[in-house]
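Architecture and fold: a report
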Amino acid sequence: MSVVAGIAGTELGKDAVAIRTPEDAVSARSRVEHLLKRSLTADGAVQIALLNNRGLQAAYNELGVAEALMVEASLPPNPQFTLQEIGGIAEFEIERRIITNILALATLPARAAIAADRFHQAQLHAAEETLRLAAETRRHYLRAVAARELVGFLTQANASAEAAAKLGRALGETGAMNKLDQAREQVFYADLTTQLARARQRALSARERLIHSLGLWGSDLDFKLASALPAPPARPRSWPMVERNAIERRVDLQIGRLELLALAKSYGLTQASRFVNLLELTGIEEIIQEKITPEKIFQEEEKTLAARIRNRGYRVAFEIPIFDFGEARVRKAEQAYMIAANRLAQRAVAVRSEARATYQLYRSTYDIAAHYQREVLPLRKIISDESLRQYNTMQIDVFPLLDEARRRVLATSAAIEAKRDFWLATTDLQVALLGGGGAPGEPNPAAELEQLNALQPGITEETKR
């Protein structure tokens, strides 16, 4: 867990813990309860997910499997011992053999180095899963809080629209408002009621998605969210070398480089063993014992009742490259290396493009959200206050006031969505720089470690027989 914990601590400022013992579970549960007692923040939600999400713990369990496979791949092959006994009428024969795979022993350092690279890949995959869950949780949190903020605003606006609709009916009864204007106020109230219902539905769905990422259930579902998202910062972050930062820091590119390194070592191992793919040494001991009969008991030489013959020797087995010179295996290894090299290069191109696109989206969403916060909403407030003042002094009638109320509802709703989009773009930019987006078609180091163990040169069936 050292690589995972290091990346989580450096890049996210959070703790990533693999829960292995009941004490670890109690400690993690205590931290989760402490974070849930306060109003939940985005950072608190990410920390809870890293401690409480069982899917992430399953990924850490897979890392433990990869570690066991690495240890298995780095161990020398076990020698095989065979014992054979054959009996006849006059004698019986005992044969003992111990068989050792010399080629497996000779290639052990190379295979152990490849297994170490595969395990490091598995560590980075676990770190990437940690980054993915953190980004997913942060997105769900931002959407949930934005939906809650929108529900709060629409609730207030709906109450005002209801009051305006009642006022319109009262003015209609006195003849001060015609039916067309009354219908406009009624339909505005009806539309706002529908928008509020949809906003509440989206808020519930967003909260449930957040709960899913946090891994909560039971009494933990009563946690409190912030009432609104924070305003955008005074200045946007500037990354003049965003592509270079992404190339240097992306976890999936580090995984691709390790894949290339492991395949290069595998290619060298294939080159070294292309002519000799089987080399076994067998130590043989054979004992031939003559059986004792009753007639021999009464013979003169009681000390040599039965003759015993002991033979020792060895057996070496290897392949003769008459038909297969290993060219096919070398060709496959070479092409596998080139596949990984080309995929890594293409992945680097995609990472550069993603970094540029997400940074441009970050800047554009910042400009839009800041424009709403600094220009549109203040101006709408001024217009609303002035309209109300003029209405109170009877300089205008109720119609401009109601029209301004509708426009302010639309502007505030758009401002909340723009603010949400900015913080989502900030999260996407972090994913573009660090990784955790879940790129398809990535290799599975644990499965490849298992394949490496399976491809270890073994004892031939002929020798077993």
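Just so it is clear, the structure is predicted and the values come from calculations on it, not from any experiment.

A word on the overall build of the protein. When you go through the protein residue by residue, the secondary structure sums to 14 helices and 4 strands. Counting over 465 residues, the protein shows a buried share of 39%. Considering only contacts in the protein between residues 6 or more positions apart, those separated by 24 or more positions represent 82%. For the protein, the exposed surface amounts to about 26200 Å²; the carbon and sulfur share of it is 56%.

For the rest of this paragraph, the subject is the environment of His34. Mapped onto the fold, His34 is located in helix H2 (residues 22–37). Judged by its relative accessible area of 47%, His34 falls in the partly exposed class. In the structure, His34 is positioned 14 residues away from Ile48 in sequence and 9.9 Å away in space, judged by C-alpha atoms.

Time to look at the nonpolar core. Core analysis: the largest hydrophobic core is formed by 53 residues, its most contacted members being Tyr141, Leu214 and Phe223. Secondary structure elements with two or more residues in this core: helix H1 (2–12), H2, helix H3 (42–52), helix H4 (54–73), helix H6 (108–174), helix H7 (179–214), helix H9 (251–272) and helix H12 (398–434). When residues of this core are assigned to their parent elements, the largest contribution, 14 residues, is made by H6.

With that settled, the discussion passes to a nonpolar patch on the surface. Where nonpolar side chains cluster on the molecular surface, the patch consists of Phe81, Leu83 and Ile98 and spans about 340 Å² of accessible area. Accessibility expressed as a relative area gives 43% for Ile98, which makes it partly exposed.

Once that is clear, we can look at the packing of H3 against H7. Between H3 and H7, the shortest axis-to-axis distance is 8 Å and the interhelical angle comes to 45 degrees. Put simply, H3 runs oblique to H7. Side by side, H3 and H7 meet where Ala45, Ile48, Ala49 and Asn52 of the first sit next to Leu210, Ser213 and Leu214 of the second. Of the residues that constitute the contact of H3 with H7, the class distribution is 5 nonpolar, 2 polar and no charged.

Now for the confidence of the model for the protein. Put simply, the protein has an average pLDDT of 80, and 81% of its residues get 70 or more. By mean pLDDT, the top-scoring element of the protein is H3 (92), and the lowest-scoring one is helix H14 (residues 461–464) (44). Counted against residues more than four places away or in other chains, residues 439–443, with its pLDDT under 50, gives 8 contacts. Contacts of residues 454–465 to residues separated by more than four positions or lying in other chains number 24 contacts, the stretch itself having pLDDT below 50.

Inspection of every chain in the model, using the stated rule, returns 4 aromatic pairs. Ring centres 6.1 Å apart and planes at 25 degrees place the aromatic pair Tyr359 and Tyr362 in the stacked group. Placement of the pair is Tyr359 and Tyr362 together in helix H11 (residues 327–392), with a separation of 3 residues, close to one helical turn. For the pair shown, Tyr359 and Tyr362 are each scored as buried. Ring centres of Tyr362 and Phe422 lie 5.5 Å apart, and the angle between their planes is 35 degrees; on these two criteria the pair is classed as tilted. Of this pair, Tyr362 sits in helix H11 while Phe422 sits in helix H12, and the two are 60 residues apart along the sequence. In terms of burial, Tyr362 and Phe422 fall into one category: buried. These aromatic residues form a ring-pair network of at least three members: Tyr359, Tyr362, Tyr366, Phe422 and Trp423.

Moving on: the side chain of Thr412. One can find Thr412 in helix H12. We classify Thr412 as buried; its relative accessible area is 14%. In this structure the side chain of Thr412 is engaged in a polar contact, spanning 2.9 Å, whose partner is the backbone oxygen of Arg408. If near-sequence neighbours (up to four positions away) are discounted, Thr412 is found in contact with Phe153 and Leu377.

Taken as a whole and judged by the stated rule, the model has 20 salt bridges. Arg249 is paired through a salt bridge with Glu11; the nearest N and O atoms lie 2.7 Å apart. On the criterion of sequence distance, the pair formed by Arg249 in helix H8 (residues 242–249) and Glu11 in helix H1 is long-range, its members being 238 residues apart.

The next point concerns H3. Of all 11 residues in H3, 10 are buried; the element is thus mostly enclosed. Within the span of H3, buried status applies to Ala42, Gly44, Ala45, Val46, Gln47, Ile48, Ala49, Leu50, Leu51 and Asn52. Next to the buried residues of H3 lie H2, H4, H6 and H7.

On to the environment of Leu344. Structurally, Leu344 is set in helix H11. It is 7.1 Å that separates the C-alpha atoms of Leu344 and Leu253, two residues lying 91 residues apart in sequence. Those residues in contact with Leu344, other than ones at most four positions away along the chain, are Leu253, Gly256, Arg257 and Leu260.

Along the chain, Asp117 turns up in helix H6. Excluding residues within four positions of it along the chain, Asp117 makes contact with Leu258, Leu261, Ala262 and Lys265.

Right, let's talk about H4 for a bit. Helix length check: H4 (20 residues) gives 29 Å between terminal C-alpha atoms against 28 Å at 1.5 Å per residue, within 8%. Those residues of H4 that sit buried are Leu56, Gln57, Ala59, Tyr60, Leu63, Ala66, Leu69, Met70 and Ala73. The N-capping residue of H4, defined by a side-chain oxygen 2.9 Å from the backbone nitrogen of Gly55, is Asn53.

Rules and cut-offs
- Residues numbered from 1 in each chain as written.
- Predicted model: local features only at pLDDT ≥ 70, side-chain atom pairs only at ≥ 80, totals over all residues.
- Heavy atoms only, no water.
- Helix = DSSP H or I, 4+ residues; strand = E, 2+ residues; numbered from the N terminus.
- Buried < 20%, exposed > 50% of the residue type's maximum accessible area, 1.4 Å probe, protein only.
- Contact = heavy atoms within 4.5 Å.
- Areas by Shrake-Rupley, 256 points an atom, 1.4 Å probe, with all protein chains shown as cover.
- Core = buried A, V, L, I, M, F, W, Y, C linked by side-chain atoms within 4.5 Å.
- Patch = residues over 30% accessible without salt bridge, like charges linked within 9 Å, V, L, I, M, F, W, Y side chains within 5 Å.
- Salt bridge = Lys/Arg side-chain N within 4 Å of Asp/Glu carboxyl O.
- Axes fitted to C-alpha atoms, helices over the stretch in contact; angles between N-to-C directions.
- Parallel < 35°, antiparallel > 145°, perpendicular 65-115°, else oblique.
- Nonpolar A, V, L, I, M, F, W, Y, C, P; charged D, E, K, R; others polar.
- pLDDT = per-residue confidence, 0-100.
- Phe/Tyr/Trp six-rings, centres within 6.5 Å; stacked < 30°, edge-to-face > 60°.
- Polar contact = N/O pair within 3.5 Å; in protein donor to acceptor, adjacent residues only side chain to side chain.
- Expected span 1.5 Å × (residues − 1).

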